[in-house]
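# A closer look at the structure
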Amino acid sequence: MVRIGISGAAGRMGNALISVAAQDTVNYKIGLLLEAKGNSTIGASIGGFTITDDLKKSISSMDVFIDFTTPAATMKHLTELIDAKKPMVIGTTGFNPDEIFEIELAAKRIPIVMSSNYSVGVNVMWKILKEATKALKEDYDIDIIEEHHRMKKDAPSGTAITTAEVILREKGLDPKSNMVFGRDGRNNERNRDQIGVFAVRAGGIVGEHRVIFGSMGDKLEISHTAISRDTLAMGALKAAKFLMGKPVGLYSMADVLGLN
Ligand SMILES: NC(=O)c1ccc[n+]([C@@H]2O[C@H](COP(=O)([O-])OP(=O)(O)OC[C@H]3O[C@@H](n4cnc5c(N)ncnc54)[C@H](O)[C@@H]3O)[C@@H](O)[C@H]2O)c1
C-alpha cells in the first residue's frame, strides 16, 4: 500500500489521479492533496481529504509525491521533498535545461521517476520507434505531429520532444541541432536528418502523437492516441509504487515497466 501525495489536485491530471487511485484501494491510499496558494479549492474536501496548500506541514502523511503542476511549482516542491527525503513522480512538462539539470542533481538525493508521458502505450511506442528507426535506416524522412486540447500551456508537447529525441539518439544524432518546430518560408527543402515537430491545439483532444516515416515510395505511420487521462494516471500510480524502497536515482517509465 502506497500513501500518495497528489499535487495539482484540482487540475485535469489531479482529478484523474484521485479517481483512478480510489478504484484501487488495495495498492493506493491518498495521503495528501495539494493545490496552489489562493486556489479556490483549498479547504474543500475530496473523498474525506482536505485540499491543502502547505506541503511541509502534511509531508509526513504520504510516502510518494506525484506532481502534475507547472515547472515553477514542481521545482519548489522538489526542494521540500529533498529535505523530507521523500520520492517523487514528476509528471509536469515544459522544463528548461537549467531545471532539468537541477532535477538530475536532486535525483542523487531522492529517487525520482520523470517521464514526459506516463501511458504504457506511449512507452511501448518509443520502444517500437527505436526498432523502426533502425530498420528503415537512412531512406526515410521522419516528422512528428502532435495534437492536444486548447488549454495546454506548453508546445510542442513534452512527449513529442521525447519522441524526436528517442529517434535522433537511435540515429546517433544530436537531438538539439536536428529538431525543428514547424517549417515556413520559401527555401525550406528538408534535410534527411532533421525531424520536424508540429503542434495542433484544438478543443478537448486528450493527446495524439503521430510519427511519419516517408520514403520516395511509401509512408509508414506509428501513432498513439490517449482516449482518457486515466491511462496517464494509472502509469503515474505504477511509478509511485515502483519508487517504494528504491535507491536514489533518476528513473524512466521504461524502468518502471521493465522495457529496457
Ligand atoms: N507526463 C505526462 O504523462 C503528462 C500528462 C498530462 C499532463 N502533463 C503535464 O502535467 C502538467 C499539468 O497538466 P494538467 O493538464 O493537469 O494541468 P491543469 O492546469 O489542469 O492542472 C495543474 C494544477 O496544478 C495546480 N498548481 C499550480 N501551482 C501549484 C502549486 N504550487 N502547488 C500545487 N498545485 C499547483 C493548478 O492550480 C492546477 O490545478 C502540465 O505540465 C502538463 O503538460 C504530463
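Every value quoted in this text rests on a predicted model; they were computed, and no experiment measured them.

Rules and cut-offs
Sequence positions are assigned chain by chain, starting from 1 and proceeding in written order. Side-chain atom pairs in this predicted model are given and counted only at pLDDT of 80 or more, local residue features only at pLDDT of at least 70, and totals for whole chains, interfaces and linings cover all residues. Remark: hydrogens and water are excluded; side-chain values derive from all non-hydrogen atoms of the structure. Where each domain begins and ends follows an automated or database-derived domain assignment. Here, two residues are considered to be in contact whenever any of their heavy atoms come within 4.5 Å of each other. Two parts placed together each lose some accessible area; with a 1.4 Å probe, that loss summed over both constitutes the buried area. Counting from the N terminus, the helices are the DSSP runs of H or I reaching at least four residues and the strands are the DSSP runs of E reaching at least two. At least two DSSP bridges between two strands are required for those strands to pair. Throughout, an axis means a line fitted to C-alpha atoms (over the contacting stretch in the case of helices), and angles, computed between N-to-C directions, take values from 0 to 180 degrees. Only centres within 6.5 Å qualify two rings of Phe, Tyr or Trp (six-membered ring in Trp) as a pair; their planes then separate them into stacked at under 30 degrees, edge-to-face at over 60, and tilted for everything else. Criterion for a charge above a ring: Arg CZ or Lys NZ at most 6 Å from the ring centre, at most 35 degrees from the ring normal. Any residue with a heavy atom lying within 4 Å of a molecule or strand is counted as near it. Think of a polar contact as two N or O atoms within 3.5 Å of one another; within protein, one of them needs to be a possible hydrogen donor and the other a possible acceptor, and neighboring residues in sequence only count if both atoms come from side chains. Only the protein chains shown count as cover for residues, and all accessible areas are computed by the Shrake-Rupley method using a 1.4 Å probe. Each residue receives one of three labels: charged for Asp, Glu, Lys and Arg, nonpolar for Ala, Val, Leu, Ile, Met, Phe, Trp, Tyr, Cys and Pro, and polar for the others, Gly being one of them.

Along its sequence, the protein chain is organised into domain 1 (2-118 + 229-257) and domain 2 (120-226). Between the C-alpha centres of domain 1 and domain 2 the distance comes to 28 Å. Taken together, the contact between domain 1 and domain 2 spans 13 residues of the former and 13 residues of the latter. Summed over both sides, the interface of domain 1 with domain 2 buries roughly 1100 Å², with 52% coming from carbon and sulfur. When residues of domain 1 are sorted by the area they lose upon contact with domain 2, Ser116, Asn117 and Arg229 head the list and together hold 40% of the total.

Now for the environment of lysine 238. As for its position among the elements, lysine 238 is in helix α7 (residues 230-243). Counting along the chain gives 120 residues from lysine 238 to tyrosine 118, while the straight-line C-alpha distance between them is 9.1 Å.

A few words on the sheet that holds strand β12 (residues 219-226). Within the open sheet, the five strands sit side by side as β9-β10-β8-β11-β12. Their pairing is mixed. The sheet is open, and its two edges are formed by β9 (179-181) and β12, each paired on a single side. Looking at each pair of strands side by side, their axes are set apart by 15° on average, direction ignored. Relative to strand β11 (residues 207-214), strand β8 (residues 141-148) is paired through seven bridges, and the arrangement is antiparallel. Within β11, the residue paired with isoleucine 142 across the bridge is phenylalanine 213.

To continue, consider the pairing of strand β10 (residues 195-201). Two faces make up the sheet, and in a regular strand the side chains alternate between them. Summarising the sheet, β8 and β10 pair through six bridges and their orientation is parallel. Following the sheet pairing, glutamate 146 is matched in β10 by alanine 199.

Counted under the stated rule, the structure contains two aromatic pairs. Over the ring of phenylalanine 242 we find lysine 246, and its NZ or CZ is 4.3 Å from the ring centre.

Attention now goes to the site of the ligand. Surrounding the ligand, one finds 25 residues, the nearest of these being Arg12, Met13, Glu35, Gly91 and Thr93. Here glycine 91 contributes a backbone N or O atom positioned 3.0 Å from a nitrogen atom of the ligand. Between the ligand and tyrosine 118, the relevant distance is 3.0 Å, taken from an oxygen atom to a main-chain nitrogen or oxygen of the residue. Here the ligand, which alone exposes 860 Å², has 82% of that area covered by the protein. If you list the elements that add at least two residues to the shell around the ligand, you get α1 (12-22) and α3 (71-84). For the shell around the ligand, the residue count by class is eight nonpolar, 12 polar and five charged. Here the shell around the ligand gathers at least three residues from each of two domains, domain 1 (2-118 + 229-257) and domain 2 (120-226).

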